[in-house]
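Chain residues, written in single-letter form:
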Number of protein chains: 2
Amino acid sequence: MGHLLCQVMNLDDDAVFRALADPTRRRLLDLLFMRNGQSLGELKEEFEMSRFGVMKHLKVLVEADLVTTRRSGRATLHFLNPVPIRLVHDRWIDKYTEPRVAALTDLKASLERHEEQSS
Amino acid sequence: MGHLLCQVMNLDDDAVFRALADPTRRRLLDLLFMRNGQSLGELKEEFEMSRFGVMKHLKVLVEADLVTTRRSGRATLHFLNPVPIRLVHDRWIDKYTEPRVAALTDLKASLERHEEQSS
DNA sequence: TTGACATGTGACTAATGGGTCACCTATTGT
DNA sequence: ACAATAGGTGACCCATTAGTCACATGTCAA
């Protein structure tokens, strides 16, 4: 399929999973999940690491299609792409068990919210 | 929360993602997704690797709570636990964007099914 | 155009993780 | 008890990767 979809749909599984394996990269995704479209300069402030380290991690995320970029002047803005994440989900959770698993994780989230309030 | 839920609910993020980073371990999850409750002996037949290699990978999956075990005689049976996978999903896909992303990945799966038929 | 700023590249070192093997434990059947 | 089978442990070697730095490119504003 040589469509537009290919730009959004990741094909290389291995790149995605290796990208997610590092805590720094997961934190980068968290930061973009909170506020999309941040530049390298903004993102690097959140880490102890050198600028080069953060840049290297961003490159891995981009090559895995977990993050897309758009240049704006001298800054490069970064955007989170949720599609590869969903494909991970679909690989091991079929449509029939999904509602039950979702109910469990929702319950967990609910319990953790109550814990926050009471502490 | 010191409940039964804790046995099903993974807590250590890092272990899950590092476990998923290896293609052999993902294949092991695929095999258990197809037929749950297989022993090491059965699983190792699917790989070129030595028994020790496969065992090491299974251990990583168990420590990440992606796989649970139950002894049955001299065999140890392995079961896929989908909960940590769902938690990965929930981390970066909020409830509002989920339907749209799911629609996209369903479309992708549908297109790939048609490709299989016509080839 | 010049200086300041933001991002990008290639090489290098230290640490992590995959794979194997010699050796050990536990269970089954005869 | 004994042999055969299934699973488990620790140390080891090799490949990969995280992190850093010197250096290079591209952009804005005066």
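Note: the structure precedes this text.
Residues numbered from 1 in each chain as written. Chains lettered and ligands numbered in written order. Predicted model: local features only at pLDDT ≥ 70, side-chain atom pairs only at ≥ 80, totals over all residues. Heavy atoms only, no water.

Caption draft 1: Structural context of the pattern of salt bridges. Tallied over the full model, the rule gives 22 salt bridges over all chains. A salt bridge links A:D30 to B:R91, with the nearest nitrogen and oxygen atoms 2.7 Å apart. With A:D30 in helix α3 (residues 23-34) and B:R91 in helix α6 (residues 83-92), the pair connects residues from two separate chains. Put simply, B:K44 and B:E45 hold a salt bridge, and the shortest N to O gap is 3.5 Å. Judged by its relative accessible area of 55%, B:E45 falls in the exposed class. Where salt bridges share partners, they join A:R86, A:D90, A:E98, B:R86, B:D90 and B:E98 into one cluster. (Salt bridge = Lys/Arg side-chain N within 4 Å of Asp/Glu carboxyl O. Helix = DSSP H or I, 4+ residues; strand = E, 2+ residues; numbered from the N terminus. Buried < 20%, exposed > 50% of the residue type's maximum accessible area, 1.4 Å probe, protein only.)

Caption draft 2: Examining the packing of aromatic side chains more closely. In the structure shown here, the tally under the stated rule is two aromatic pairs over all chains. Here A:F17 and A:W92 contribute two aromatic rings whose centre-to-centre distance is 6.0 Å and whose plane-to-plane angle is 50°, an arrangement assigned as tilted. Of this pair, A:F17 sits in helix α2 (residues 13-20) while A:W92 sits in helix α6 (residues 83-92); the two residues are 75 residues apart in sequence, bridging distant segments of the chain. The ring of A:F52 carries A:R51 above its face, with NZ or CZ at 4.5 Å from the centroid. A cation over a ring is seen here: B:R27 above B:F47, with NZ or CZ 4.8 Å from the ring centre. (Phe/Tyr/Trp six-rings, centres within 6.5 Å; stacked < 30°, edge-to-face > 60°. Lys NZ or Arg CZ within 6 Å of the ring centre and 35° of its normal.)

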